[in-house]
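Here's the letter readout for the chains.
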Amino acid sequence: MSHLVPAISNKTVGECLIMLREAHDYLARQGAVALCKSSEVSTSCHWGANVKRVPVSLPNDTKPSSVSTDVLDHSLVEVINQCATMERLIDALEWANSTYTNVEKCHPTTSSENTGGGPDNDLILVAVSGKKARFEISDVASEKDGNGKAPRDLVSLGVLTHCDKKLRPSDAWPAEQLFLVVSEEFAKYLRKWKPSAVKDCHCAFKEVKKDGQTRIFEVCKGSRWV
């Protein structure tokens with residue numbers, strides 16, 4: 001199945017931001033049209049099922065190049081969720097732009113895919129010096145983590161690993177800078193959640209972006225919260 005916004009690779013941060021903003025604005029406009037149509041659905045006993053099936057039309061004649069031409073309509077709920085995640089991604093790129101110049105890989109609307117060729121994350125940035133930063137992006141709109149998003153992201157970042165069906169610290173700490181990009185609500189959860197609850201995990205979160213709707217935490221090696 002084609003991705004709504006395919007992965008972006010080997011671009012400058014500025015180029016990637018332009019592509020993401022164009023894609024986001026297009027999807028938001030089309031989603032708003034579908035949202036208006038959904039308000040006209042009768043509040044019958046099948047209201048939920050009917051609203052769920054209101055499609056977001058994605059015509060190619062007004063579509064930016066960053067959005068797949070193979071997808072001509074999409075789920076309204078999915079478009080809303082993906083726009084929200086892209087907003088976090090855009091905020092992260094704007095925040096990192098002063099330090100990192102190039103985008104090695106960016107997954108705007110799909111999860112990263114580790115195919116065995118090295119680490120892959122929602123966003124991987126590279127500085128002029130060659131230094132890399134890896135980001136996991138989410139828009140959990142809650143102060144709780146009912147789906148275990150935080151530990152899953154730490155696994156994706158290489159901090160934790162699965163061993164005998166349990167989470168354990170990885171054998172070696174990753175060489176790159178590591179970040180979690182989350183909503184304002186989920187930041188409240190991360191401030192209280194201690195990865196040290198995982199046996200022998202010496203991990204700390206440093207909140208490096210403390211304002212706005214998007215918050216960013218650096219994942220650091222250590223047992224103290226900063």
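Visitor: Please set out the nonpolar core residue by residue, giving values where relevant.
Guide: Counting 39 residues, the largest nonpolar core has Leu20, Leu27, Leu93, Leu125 and Phe135 as its most contacted members. At the level of secondary structure, the elements contributing two or more residues to this core comprise α1 (13–38), α3 (76–96), β4 (102–106), β5 (123–126), β6 (132–137) and β9 (177–183). Here this core takes nine residues from α3, the largest share from any one element. Judged by nonpolar contacts, the second largest core, of 17 residues, contains Val159, Ala187, Leu190 and Phe205.

Visitor: With reference to specific residues and values, describe the pairing of strand β11 (residues 214–221).
Guide: Summarising burial for β11: seven of the eight residues are buried, a large majority. Where strand β10 (residues 203–209) meets β11, six bridges bridge the pair, whose relative direction is antiparallel. Paired with Lys209 across the strands is Ile216, a residue of β11. Hairpin geometry of β10 and β11 is characterised by an intervening segment of four residues between the two adjacent antiparallel strands and by a positive phi of about 80 degrees at Gly212.

Visitor: Any details on the pairing of β9? Residues and values, ideally.
Guide: Across the seven residues that make up β9, a large majority, seven, are buried. Alignment of β6 against β9, held across five bridges, turns out to be parallel. When the sheet's bridge partners are listed, Ala133 is paired in β9 with Gln177. Relative to β11, β9 is paired through five bridges, and the arrangement is antiparallel. Residue pairing for β11: Val182 is matched across the bridge by Arg215.

Visitor: Residues and numbers for the environment of Val51, please.
Guide: Tracing the backbone shows Val51 in helix α2 (residues 47–52). For Val51, the contacting residues outside a window of four places in its chain are Ser38 and Val41.

Procedures and definitions
Residues numbered from 1 in each chain as written. Predicted model: local features only at pLDDT ≥ 70, side-chain atom pairs only at ≥ 80, totals over all residues. Heavy atoms only, no water. Core = buried A, V, L, I, M, F, W, Y, C linked by side-chain atoms within 4.5 Å. Buried < 20%, exposed > 50% of the residue type's maximum accessible area, 1.4 Å probe, protein only. Helix = DSSP H or I, 4+ residues; strand = E, 2+ residues; numbered from the N terminus. Pairing = 2+ DSSP bridges. Contact = heavy atoms within 4.5 Å.

Any link to function would need more than the numbers given here.
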